[in-house]
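Observations on chain architecture
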2 protein chains.
Amino acid sequence: MNSNITIYDVAREAAVSMATVSRVVNGNPNVKPSTRKKVQDAIEQLGYRPNAVARGLASKKTTTVGVIVPDISNIFFADLARGIEDVATMYKYNIILCNSDQNREKEIHLLNTLLGKQVDGIIFMGGRLHEDLVREFKTSPVPIVLAATLNQDYDLPAVNIDYESAAHDAVKSLIDRGHERIGFITGPLEQQINGEKKFAGYRRALEEANLPFNEQNVVLGNYTYDSGMKAMNQLLELGEDCPRAIFAGTDEMALGVIHALQDAGHRVPEDFEVIGHDNTRLATMIRPKLTTVVQPMYDIGAVSMRLLTKILNKEEIETNDVTLPHRIEQRDSTRP
Amino acid sequence: MNSNITIYDVAREAAVSMATVSRVVNGNPNVKPSTRKKVQDAIEQLGYRPNAVARGLASKKTTTVGVIVPDISNIFFADLARGIEDVATMYKYNIILCNSDQNREKEIHLLNTLLGKQVDGIIFMGGRLHEDLVREFKTSPVPIVLAATLNQDYDLPAVNIDYESAAHDAVKSLIDRGHERIGFITGPLEQQINGEKKFAGYRRALEEANLPFNEQNVVLGNYTYDSGMKAMNQLLELGEDCPRAIFAGTDEMALGVIHALQDAGHRVPEDFEVIGHDNTRLATMIRPKLTTVVQPMYDIGAVSMRLLTKILNKEEIETNDVTLPHRIEQRDSTRP
DNA sequence: CCTTCATTGTAAAACGTTTTCATTCGCTTT
DNA sequence: AAAGCGAATGAAAACGTTTTACAATGAAGG
């Protein structure tokens, strides 16, 4: 309809130059009110809609940022993405969303695609940061911030919670309830967040209570419900030695744990206590409701995007590496 | 690093014209192999990365499509989005993702933003299509396809399942089990999908079985878990008259229903049978596992995007209005 | 009434591609 | 050897903005 009408048409209609039209479109104050009015009327009349691509070329700003997540259909990243999008909207940015499936080559490819599209910045989420990816990040022509993603050297802008401490708190709360054997169902240990952080927190809590670490109590999952069930069933095979308190690395796995337990005829929290991690909406959609570590995904997304805007605007920044607070939400999968 | 090097630099380095560089970058066959090689080497050497914005301006194609969803943090739309993104990637498109919150003004605003960004097409999801939005859609300079979204006149490209029939089947299966009072927990009736389709299916199933329609058996929810609980509790207040079979408009509400029932000391499926709708991943994350109508969200997304690419490529199209099959996934919230 | 300095407006040069059209090149064909 | 022809290349004009460098206008100061 109006997609073929240009700034030049508006200029002609309003009998001014295109620079003037550009000024009014961009809110430049150096335009006489009467002229502004004239131009606005012309815009209205013609149904003019500025071409963002041309604008991007001329100004070298696209008001678009790239977002790379492992998988948007994962409730966890979906929440994060929503946080990002909300503050992006607030600052007039749009989001190009990409799924990486945590695949290193895809990640690099997506990064290059996004840079080719001239995004003004990028927000990245991923489990493991390969060195070559980090290298690319560091030489990127636009700022990149990590959301809920650790990098070895902590020298990239990032927003996280303190995973070590969160895991520690969760496990300690279980210990404080009198448990001596604590199961830990974790995601892949290659991922720093599991292997270095949550796991360390688990061990620290044990040590502080002078409890022995027993390898058979930690079992690997892959974040999914099914893997949580499977992991719990594996623990149950320990028989007498099976831990009666479980800390699961994600809520979804925790649900699997609880159902595996219930399917085997056990009661939660009477026979077994379980704590999850993330506080996704799932946590309240199960009976018993899940006690869980709250990782504020939405906030992490929002703060990441805000941090990115700060960098883009060259605002003063206290710290590049922000740590958001966590806490444990007490529900019914642990005893009061 | 390389973001300032242009096609012109490559041309100089390879001692050819920029037109030739453009040719090799775009895979134009009319380039002598030796020249092609020379250019590719220069590209490699300089780390040249084509500027998609300039490209978009010159070619009037951005290989970007806009996606408008009510709320990406909703598992339902997240799945859909993943389907869209996957086939978009397949066809070398990127996705600009926007949340509308089903807000009419936001929807219109987003549409205009996307058109301003010169997307090649748009995929839209939303509950209710206001007339002015439909008008904008019809005059849009780029194709728009509706995903899991109805429009009154069925004259826009769209991908859906047959909601009326799906609801009918669900309710009929309940009737076939001997129920005479069937509860229907629905989303807002202004939304065509509920008010016209699912509701109609519900009534048709009743009629076909010569069962009376009773208004008190249908109660409104807003798609959320909590609203499902609340709705069920409201039904329970009917006491003796409370239906013992419930059809819930979404899985999430169905979970709420089941938990409301369990919290009140009832057993599912022994005392009450429940059928959900959508078959989100939630369906298997509850005990009893949820019997539900499967609406293939991922597929709807994927097919929508595929349809869009067909339109963009001017491929032959059988029909603009595609209906995907549905079925009922039998699980444990209904008796065998 | 003439300077001088803001204030507004203009013209034109970027921005980095694609694309059109013309030209040149390297071979056959005659 | 000339002509012809398709393939390969190049020159330059879009594409629709922003931005820069100026010019014109008008008001204020002397």
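Preceding this paragraph is the structure being described.
In what follows, the accompanying structure is described. The model shown is predicted, which means the values in this text are computed figures rather than measured ones.

1. Thoughts on the pairing of strand β3 (residues 121-124) of chain A
Each regular strand carries side chains that alternate between the two faces of the sheet. Residue and element names in this part refer to chain A. A two-sided burial pattern is seen for β3, the buried positions comprising Gly121 and Ile123 on one face and Ile122 and Phe124 on the other. Sheet topology note: the strand β1 (residues 64-69)/β3 ladder contains four bridges and is parallel. Looking across to β3, one finds that Val65 is bridged to Gly121. Bridging between β3 and strand β4 (residues 144-147) involves three bridges; their strand directions are parallel. Along β4, the bridge assignment pairs Ile122 with Ile144.

2. A word on the packing of helix α10 (residues 225-236) of chain B against helix α11 (residues 251-263) of chain B
All names here are of chain B. Across the interface, α10 lies against α11 with an axial gap of 7 Å and an inter-helix angle of 45°. As judged from the angle between their axes, α10 and α11 are oblique. Read as a crossing pair, α10 and α11 show a hand that is right-handed. Of α11, the residues touching α10 (which contributes Tyr225, Ser227, Gly228, Met229, Met232, Asn233 and Leu236) are Glu252, Met253, Leu255, Gly256, Val257, His259, Ala260, Leu261 and Asp263. Looking at the contact of α10 with α11, its residues break down into nine nonpolar, five polar and two charged.

3. A closer look at the relation of the copies chain A and chain B
Least-squares fitting of chain A to chain B yields an RMSD of 0.0 Å, with the superposition described by an axial translation of 0.0 Å and a rotation of 180°. As the rotation angle and translation indicate, the two copies are arranged about a two-fold axis. Taking C-alpha positions as reference, the residue of chain A nearest the rotation axis is A:Ile96, located at 2.2 Å. Of the interface residues in chain A, 100% have counterparts in chain B that sit at the interface too, so the contact is made through matching surfaces.

4. Remarks on the sheet that holds strand β10 (residues 291-294) of chain A
All names here are of chain A. The strand order across the open sheet built from six strands is β7-β6-β8-β9-β10-β12, with neighbouring strands paired in mixed fashion. A strand with exactly one partner marks an edge of an open sheet, and here the two such strands are β7 (218-220) and β12 (327-329). The average undirected angle you get between the axes of adjacent strands in this sheet is 20°. Sheet topology note: the β10/β12 ladder contains three bridges and is antiparallel. Bridging across to β12, Val293 finds its partner in Ile328. Sheet strands in contact with helix α9 (residues 192-208) are β6 (182-186), β7 and β9 (273-278), and its direction is about 175° off that of β6.

5. Some remarks on the interface of chain A and chain B
Each partner contributes to the interface: chain A provides 50 residues, whereas chain B provides 50 residues. Summed over both sides, the interface of chain A with chain B buries roughly 4400 Å², with 54% coming from carbon and sulfur. Looking at the side of chain A facing chain B, the largest losses of area belong to A:Arg82, A:Met285 and A:Arg287, adding up to 15% of the total buried there. Linking B:Arg287 and A:Asp263 is a salt bridge whose minimum nitrogen-to-oxygen distance equals 2.4 Å. Summed over the shared surface of chain A and chain B, the number is 26 residue pairs in polar contact (both at pLDDT 80 or more). For the side of chain A that touches chain B, the elements supplying multiple residues, two or more each, are α4 (52-59), α5 (75-90), β2 (94-99), α6 (104-116), α10 (225-236) and α11 (251-263) of chain A. Considering every element that reaches the side of chain A that touches chain B, the biggest residue donor is β2(A), with six residues. Class assignment of the residues belonging to the side of chain A that touches chain B gives a composition of 22 nonpolar, 17 polar and 11 charged.

The rules behind the values
- Residues numbered from 1 in each chain as written.
- Chains lettered and ligands numbered in written order.
- Predicted model: local features only at pLDDT ≥ 70, side-chain atom pairs only at ≥ 80, totals over all residues.
- Heavy atoms only, no water.
- Buried < 20%, exposed > 50% of the residue type's maximum accessible area, 1.4 Å probe, protein only.
- Helix = DSSP H or I, 4+ residues; strand = E, 2+ residues; numbered from the N terminus.
- Pairing = 2+ DSSP bridges.
- Axes fitted to C-alpha atoms, helices over the stretch in contact; angles between N-to-C directions.
- Parallel < 35°, antiparallel > 145°, perpendicular 65-115°, else oblique.
- Left-handed = near helix turned anticlockwise from the far one by under 90°.
- Contact = heavy atoms within 4.5 Å.
- Nonpolar A, V, L, I, M, F, W, Y, C, P; charged D, E, K, R; others polar.
- Least-squares fit on C-alpha atoms with pLDDT ≥ 70 in both.
- Buried area = accessible area lost by both parts, 1.4 Å probe.
- Salt bridge = Lys/Arg side-chain N within 4 Å of Asp/Glu carboxyl O.
- Polar contact = N/O pair within 3.5 Å; in protein donor to acceptor, adjacent residues only side chain to side chain.

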